[in-house]
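For reference, the chains in residue letters:
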Amino acid sequence: MSNGPGGKDRISKAEISKDAVQSTVEATAGAVGEVATILTNAVKDVAGAIGGLATEVFEIRDAAKRAAAEQEPTADEDPQQLPG
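Residues numbered from 1 in each chain as written. Predicted model: local features only at pLDDT ≥ 70, side-chain atom pairs only at ≥ 80, totals over all residues. Heavy atoms only, no water.

## Considering the overall build of the chain
Quick note on the threshold: Only DSSP runs of H or I reaching four residues or more are called helices, and only runs of E reaching two or more are called strands; each is numbered from the N terminus. Only protein chains enter the area calculation, which uses a 1.4 Å probe; residues under 20% of their type maximum are buried, those over 50% are exposed, and those in between are partly exposed. Per-residue and other accessible areas follow the Shrake-Rupley method at a 1.4 Å probe size, with only the shown protein chains counted as cover for residues.
Helix and strand counts for the chain come out as 1 helix and 2 strands. Secondary structure of the chain in N-to-C order comes out as β-β-α. Going through the 84 residues of the chain one by one, you find that 2% of them count as buried. A total accessible area of about 7400 Å² is found for the chain, and carbon and sulfur atoms account for 61% of it.

Laid out in structure tokens, this is it:
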């Protein structure tokens, strides 16, 4: 900085450029950080949803197996009841 006319401080063109570049880099870093956070949360949410779906599919499969095992064989299904 130097004193300009009337005793006012003046900022050099180089310092103005440096400040502009610094502000741009800081703003860019902030935006990149926000986007990274958004993407991280999205990946986490998708993984949770897929995991929940897989759990439901396993539970449905197990329930279907239990239901099938609980069914008593009918005359049509019992080989001992069929005429031979």
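## Focus: the pattern of salt bridges
For side chains of opposite charge, pairing can occur when their charged atoms come near one another. Note the cut-off: Whenever a carboxyl oxygen of Asp or Glu lies within 4 Å of a side-chain nitrogen of Lys or Arg, that contact is scored as a salt bridge.
The final tally for this structure, using the stated rule, is 2 salt bridges. Here Lys-18 ties to Asp-19 by a salt bridge, and the two come within 2.7 Å at their closest N and O atoms. Exposure remark for Lys-18: the relative accessible area of 45% places this residue in the partly exposed category. With a shortest N-O distance of 3.9 Å, Arg-61 and Asp-62 are connected by a salt bridge.

## Side note on the confidence of the model for the chain
What counts, and what does not: Predictor confidence is given residue by residue as pLDDT, running from a minimum of 0 to a maximum of 100.
When the pLDDT values of the chain are averaged, the result is 87; 77% of them are 70 or greater. Looking across the chain, the model is least confident in strand E1 (residues 2-3), with a mean pLDDT of 60, and most confident in helix H1 (residues 13-70), with 97.

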